[in-house]
Amino acid sequence: MWGHLNNQCPKYPRRILDKKQKLLSFEATNELSGTLKAVIFNQNDCRDALCRMVVIDELPFRFVGGLGFRSFCAVIQPKFVIPSRMTIARDVVHLYNSEMEKLKKELTKDDQRVCLTTDCWTSNQQIPYLCLTVHYIDSDWCLKKRILNFVQISNHKGETIAKLIEDCLHKWGIERVFTITMDNATANDVAVSILKRRVNGWEGSVLNGEYMHVRCCAHILNLIVSDGLKELHHSISAIRAAVRYIRLSTARVEKLSACVVKEKIDFKGKLVLDVPTRWNSTYKMLEVALKCQKAFERYEEEDSKYLQYFLEEEGGKKKFGPPSKIDWANASRFVEFLRSFYQATLKFSATKSVTSNCFYLELGEIFNLLKNLALTNDSLLLDMVSNMKKKFDKYWGNLDNTNLLLYVAAVLDPRYKLGYITYCLGCFYDAQTVSNFILKVQTLLRTLYAFYSKGEREISPIPKSFTSPNTLQRQDTLLSAFMKQKEQITFDESLNEVDRYLADESVNPLTPSFETLFWWKQNSIKYPVLSLIARDVLAVPISTVASESAFSTGGRILDPYRSSLNPKTVNMLVCTQNWLKSTNEGLVEQFFSDEDDELVQIGLIL
């Protein structure tokens, strides 16, 4: 029968006429162009692609058995034998192991030094998980982040956290750890102290791990602003009540949308109701509501029950509202004030760009804002600013409370170097304090330089001059002479790299689209040792958002319909998805353009 079907029956859809026959297929390289490619059906390749689709798109294993998917495959490629859900589950294990081996080779080659971030999360199964993410800058000066583990943790004690991270590092063969970024929980202090001893024992730390612990700056900023908004102004309460009233009914939402159209407001979004414990959601609520101010005022005229709602009591107290013109004016002031903190949080929480070099840039702006507002007689903001200033001084007021590496990162930004830090500190502290602190930063930079000079062997000697071979062949022309002069690099042998770097002219801070990593890539020959320091220091993440964003993936994978997945399977799905998306960033960005906005929102929920 099989012989008849495969060799003679013309109506059998899976009959192979010529196993070597290829078909021309159009392969899209981006949205606007593509190439023709000769392809041939391969069962294993199709199965591998299906496995990757299940992982990337967070599909349940039972998806492959669905009638719709089977009907689709019967049309698009009848030859494809659809695997069972058990087969797909085994394929996911194989894919996880193969991708893990690729990443392990990348992390251990060329003595790569890495930075870590970690955080904990509890699933809808009430199972606590710990996510460990690695950050590094590769030899091509590309910033990378990869989830290493998404594993179950028995409790949140420091010893337990340290043991899990240590086991993970052993599993991956990672010994050279530069920093670990965690939030301010006491258990994390214990965990870092234990890990510091372990990494020191492996001889993988820098300067005995003295600067290994980096506290999550986004978390600290969240504490500062939350303290200022502890006692909400009645104007905020009035707008919140109005937003809640609208969102209670679909008909009200539609009526407000009609008011938006009638008032000719250019707004197509939805109202945001804040979560009292998350200041950023309060900021977004006010920002969106202000865009619809005229619509709210018109709605008050068209809905007779609107005013009645505010006369009702809530928890034995009368509701604030409806919002008056004074309330809207106050809300505008609050939004203007909080915008600086919101933007700083976005920069601290970035995961696709360097963040360590922007720490003091944003810190100085916030310090300056609080200092100036504290000197005014603005009764609306005075209490809020006072509370925030106290919390700010607790965490960042004392210069010794911050990891010095973050100041070194600012120095290693060729736009600022020591000049900008010195100027900013001079605005807030006395001359002696500034002088002593700048000396500490310089000392640490020189200490790092001495450490990397001894520890890194693959450093070529710095030539006194460099001339392109093409230039030597064309010395008879003015252009070649000009190019020769331009390409020569002359160094003062009496100065080391640190002195030369600090003495060289800074890049204009207003240079559009300036890329710090690209600058270091171009100047790594000029500063061979200092560039190694920059690769490690600029890779330091100043927030745990990279790990927290994995909890969104975990929450989607462990939805109410798949809550029976065991922790080992969850770990494989979360990690593999992250690795596949990271290696296909162009394709992912094309079809998942809203991913950045989602991660930002996740990052702000601390």
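Keep in mind that what you see is a predicted model, and the values were worked out from it rather than measured.

Quick look at the nonpolar core now. Ranked by size, the top nonpolar core spans 111 residues in total, and within it Phe296, Phe337, Phe359, Trp396, Tyr407, Leu412 and Trp520 carry the most contacts. It is helix H13 (residues 325–348) that contributes the most residues to this core, ten residues altogether. Sequence-distant contacts of Phe296, defined by excluding residues within four places in its chain, comprise Ala242, Val243, Ile246, Leu256, Leu271, Ala289, Tyr306 and Trp328.

For the rest of this paragraph, the subject is the confidence of the model for the protein. Mean pLDDT over the protein stands at 83; residues scoring 70 or higher make up 82%. Scored below 50 in pLDDT, residues 457–476 shows 31 contacts in the model against residues more than four places distant or in partner chains. Predicted confidence is poor over residues 586–606, with pLDDT under 50, and the contacts of this stretch with residues over four places away or in other chains come to 30 contacts.

For the rest of this paragraph, the subject is the packing of helix H14 (residues 359–374) against helix H15 (residues 379–397). Taken N-terminus to C-terminus, the directions of H14 and H15 make an angle of 140 degrees; their axes are 9 Å apart at the nearest point. The angle between H14 and H15 places the two elements in the oblique class. Where H14 crosses over H15, the handedness of that crossing is left-handed. Residues Phe359, Leu363, Ile366, Phe367, Leu370, Leu373 and Ala374 of H14 form the contact with H15, whose own contacting residues are Leu382, Val385, Met388, Lys389, Phe392 and Trp396.

Okay, the environment of Val190 next. Summarising the element assignment, Val190 is placed in helix H6 (residues 186–201). Separated by 30 residues in the primary sequence, Val190 and Thr160 place their C-alpha atoms 9.9 Å from one another. If we ignore the near neighbours within four places in the chain, the residues touching Val190 are Gly158 and Glu159.

Orientation of helix H8 (residues 234–247) relative to helix H9 (residues 250–262), taken along the N-to-C sense of each, is 115 degrees, at an axis distance of 6 Å. On the basis of the axis angle, H8 is roughly perpendicular to H9. Counted together, Tyr245, Ile246 and Arg247 of H8 and Arg252, Val253 and Leu256 of H9 form the full contact between these two elements. When its residues are assigned to classes, the contact of H8 with H9 shows four nonpolar, no polar and two charged.

So, about the environment of Leu143. Along the polypeptide, Leu143 turns up in strand E5 (residues 143–152). Judged by its relative accessible area of 25%, Leu143 is partly exposed. Taking C-alpha positions, Leu143 is 9.1 Å from Thr351, a pair spaced 208 residues apart along the chain. Those residues in contact with Leu143 that lie beyond four places of it in its chain are Tyr136, Ile137, Thr351, Lys352, Ser353, Val354, Leu517 and Ala539.

The next point concerns the pattern of salt bridges. Applying the stated criterion to the full structure yields 25 salt bridges. The salt bridge partner of Lys262 is Glu302, with a shortest N-O separation of 3.6 Å. A residue pair is termed long-range when its members are at least 10 positions apart, and Lys262 in helix H9 and Glu302 in helix H11 (residues 293–302) qualify at 40 residues. Given the relative accessible area of 46%, Lys262 is considered partly exposed. With a relative accessible area of 34%, Glu302 lands in the partly exposed category. Asp400 is the partner of Lys440 in a salt bridge, and the nearest nitrogen-oxygen pair spans 3.0 Å. Here Lys440 is found in helix H18 (residues 431–455), whereas its partner Asp400 is found in the loop between H15 and helix H16 (405–411), with 40 residues between them in sequence.

Calculation criteria
Residues numbered from 1 in each chain as written. Predicted model: local features only at pLDDT ≥ 70, side-chain atom pairs only at ≥ 80, totals over all residues. Heavy atoms only, no water. Core = buried A, V, L, I, M, F, W, Y, C linked by side-chain atoms within 4.5 Å. Buried < 20%, exposed > 50% of the residue type's maximum accessible area, 1.4 Å probe, protein only. Helix = DSSP H or I, 4+ residues; strand = E, 2+ residues; numbered from the N terminus. Contact = heavy atoms within 4.5 Å. pLDDT = per-residue confidence, 0-100. Axes fitted to C-alpha atoms, helices over the stretch in contact; angles between N-to-C directions. Parallel < 35°, antiparallel > 145°, perpendicular 65-115°, else oblique. Left-handed = near helix turned anticlockwise from the far one by under 90°. Nonpolar A, V, L, I, M, F, W, Y, C, P; charged D, E, K, R; others polar. Salt bridge = Lys/Arg side-chain N within 4 Å of Asp/Glu carboxyl O.

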